[in-house]
Amino acid sequence: MKNDKNENYLIPEHVAIILDGNGRWAKKKNMPRNYGHVKGSENLEKVCKAADELGIKYITVYAFSTENWKRPEEEVSALMKLLRNYLKDCVKKANKNNMRIRVIGEINRLDKDIRDAIMELDEVSKKNTGLNLTIAINYGARDEMIRAMRKAMQDAKEDKFKIEDFNEESFGEYLDTKGMPEPDLMIRTSGEQRLSNFLLWQLAYTEFYFTDVLWPDFDKKELEKAIQYYNKRERRYGGLA
Ligand code: IPE
Ligand code: IPE
Ligand code: MG
């Protein structure tokens with residue numbers, strides 16, 4: 001991918017995406033919300049392929065939040081069915097696509113077969129060296145941090161470390177995203193400009209890109225636009241540019 005001076009664009013290593021707008025996309029077509037979710041999940045596969053082609057190494061997507069349980073039961077069960085099918089499909093395709101696929105979030109609340117698929121996926125894709133896809137399911141950043149703190153406090157009680165030695169790096173080791181680089185770019189589709197409890201710790205220095213495009217319409221061209229935007233930003237990390 002080249003800019004207008006024929007230079008290569010800097011490709012972000014890690015892109016986090018809040019895939020939003022499935023419901024509104026379906027409504028515009030006079031279709032039920034769940035149809036939007038079906039198209040949204042198909043789109044995830046396409047965007048992963050595009051990301052891989054562009055040289056992105058990590059994609060982390062927000063698929064179901066800890067707050068999404070408050071949606072009507074029928075929608076929640078349709079979403080769970082889609083996630084279940086998506087994960088089972090990933091188990092079959094991960095090796096062929098050389099993809100490393102993980103799930104973050106509080107998975108204990110999910111149905112047993114979904115939890116099994118998550119574990120199987122982790123196992124079968126462990127050695128893959130291509131795109132790292134992380135799917136956030138029953139994920140909330142506050143919940144993630146509370147779970148991390150509980151584990152850390154337990155370890156402190158068992159004298160595994162000294163409280164005064166506990167720092168940002170050690171905290172990161174207790175988070176679901178342990179071992180992953182922080183996102184360079186965060187994209188939210190559908191025009192909403194909030195984080196909705198996504199990766200609050202990890203996004204501290206991430207560039208944000210918001211687009212009105214609804215998730216089922218977000219394609220490779222739109223991803224390239226986000227990368228162009230990212231290339232216009234001067235990244236500072238608190239120091240001088
Ligand atoms: C995003 O689409 C998918 C999930 C949150 C699961 P929405 O379902 O939030 O779609 P809108 O925001 O209602 O259009
Ligand atoms: C955020 O989208 C969560 C996911 C994309 C999974 P929502 O559509 O649920 O967020 P709010 O309710 O608009 O903040
Ligand atoms: Mg939404």
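Residues numbered from 1 in each chain as written. Chains lettered and ligands numbered in written order. Predicted model: local features only at pLDDT ≥ 70, side-chain atom pairs only at ≥ 80, totals over all residues. Heavy atoms only, no water.

(A) Highlighting the pairing of strand S6 (residues 207-210). Going residue by residue along S6, you find Glu207 and Tyr209 tucked away on one face and Phe208 and Phe210 left uncovered on the opposite face. Here strand S5 (residues 185-188) runs beside S6; their pairing, made up of 4 bridges, is parallel. Note on S6: the bridge partner recorded for Met186 is Phe208. (Buried < 20%, exposed > 50% of the residue type's maximum accessible area, 1.4 Å probe, protein only. Helix = DSSP H or I, 4+ residues; strand = E, 2+ residues; numbered from the N terminus. Pairing = 2+ DSSP bridges.)

(B) Geometry of the state of the cysteines. What the rule picks out here adds up to 0 disulfides. Left unpaired, Cys48 is separated from the closest cysteine sulfur, that of Cys90, by 7.9 Å. (Disulfide = S-S within 2.5 Å.)

(C) Seen up close, the sheet that holds strand S3 (residues 100-104). A sheet is described by the order of its strands in space; here 6 strands give the open sequence S3-S4-S2-S1-S5-S6, paired in parallel fashion. This sheet does not close on itself; its edge strands, each paired only once, are S3 and S6. Taken pair by pair, the neighbouring strands of this sheet meet at an average axis angle of 20°, ignoring direction. Bridging between strand S1 (residues 14-18) and S5 involves 4 bridges; their strand directions are parallel. Opposite Val15, over in S5, you have Leu185 as the bridge partner. (Axes fitted to C-alpha atoms, helices over the stretch in contact; angles between N-to-C directions.)

(D) Examining the packing of helix H2 (residues 33-54) against helix H3 (residues 73-93) more closely. One can describe the packing of H2 onto H3 by two numbers: an axis separation of 10 Å at closest approach and a directional angle of 20°. Viewed along their axes, H2 and H3 adopt a mutual orientation that is roughly parallel. Our pair here, H2 against H3, has a crossing hand that is right-handed. Where H2 abuts H3, its residues Arg33, Asn34, His37, Val38, Ser41, Leu44 and Glu45 lie against Glu74, Glu75, Ala78, Leu79, Leu82, Tyr86, Asp89 and Lys93. Of the residues belonging to the contact of H2 with H3, the class tally is 6 nonpolar, 3 polar and 6 charged. (Parallel < 35°, antiparallel > 145°, perpendicular 65-115°, else oblique. Left-handed = near helix turned anticlockwise from the far one by under 90°. Contact = heavy atoms within 4.5 Å. Nonpolar A, V, L, I, M, F, W, Y, C, P; charged D, E, K, R; others polar.)

(E) Fine view of the site of ligand 2. The environment of ligand 2 is formed by Ile18, Leu19, Asp20, Tyr62, Ala63, Phe64, Ser65, Asn68, Arg71, Arg188, Arg194 and Ser196. Within the side chain of Asn68, an N or O atom sits 2.9 Å from an oxygen atom of ligand 2. Interatomic distance of 3.4 Å between a side-chain N/O atom of Arg188 and an oxygen atom of ligand 2. Burial of ligand 2 by the protein chains amounts to 78% of its free accessible area of 390 Å². If you map ligand 2 onto the pockets, it falls in the largest pocket. A per-element tally of the shell around ligand 2 places strand S2 (residues 58-65) first, with 4 residues. (Near = heavy atom within 4 Å. Polar contact = N/O pair within 3.5 Å; in protein donor to acceptor, adjacent residues only side chain to side chain. Areas by Shrake-Rupley, 256 points an atom, 1.4 Å probe, with all protein chains shown as cover. 1 Å grid on protein atoms, 1.4 Å probe; cavity = no way out; pocket = protein on both sides within 12 Å on 5 of 7 lines; lining within 4 Å. Sits in = over half its atoms within 2 Å of the grid points.)

(F) Molecular detail of the pairing of S2. Counting buried positions along S2 gives 7 out of 8 residues, so the element sits mostly inside the fold. By the bridge criterion, 5 bridges tie S1 to S2 in an arrangement that is parallel. The residue bridging His14 from the neighbouring strand is Tyr58, located in S2. Bridge count between S2 and strand S4 (residues 132-139): 7 bridges; the pairing is parallel. Considered in S4, the bridge of Phe64 is made with Ile137.

(G) The site of ligand 1, seen in detail. All residues adjacent to ligand 1 are Leu19, Asp20, Gly21, Asn22, Gly23, Arg24, Arg33, His37, Ala63, Asn68, Arg71 and Leu79. Asn22 places a polar main-chain atom, nitrogen or oxygen, 3.2 Å from an oxygen atom of ligand 1. The side chain of Arg71 places a nitrogen or oxygen atom 2.7 Å from an oxygen atom of ligand 1. In the complex, the protein chains occlude 88% of the 380 Å² of accessible area that ligand 1 would expose alone. Residue assignment for the shell around ligand 1 shows that the elements contributing at least two residues are helix H1 (22-28) and H2. If you tally residues by element for the shell around ligand 1, the top one is H1, at 3 residues. Residues that form the shell around ligand 1 fall into these classes: 3 nonpolar, 5 polar and 4 charged.

(H) View of the nonpolar core. Ile17, Ile59, Leu87, Ile135, Ile187 and Leu223 are the most contacted members of the largest nonpolar core, which totals 45 residues. For this core, the element with the most residues is H3, which contributes 8 residues. Excluding anything up to four places from it in sequence, Ile135 contacts Val61, Ala63, Tyr86, Leu87, Ile101, Arg102, Val103 and Ile104. With 11 residues, the next largest nonpolar core counts Ala141, Met186, Phe198 and Leu199 among its residues. (Core = buried A, V, L, I, M, F, W, Y, C linked by side-chain atoms within 4.5 Å.)

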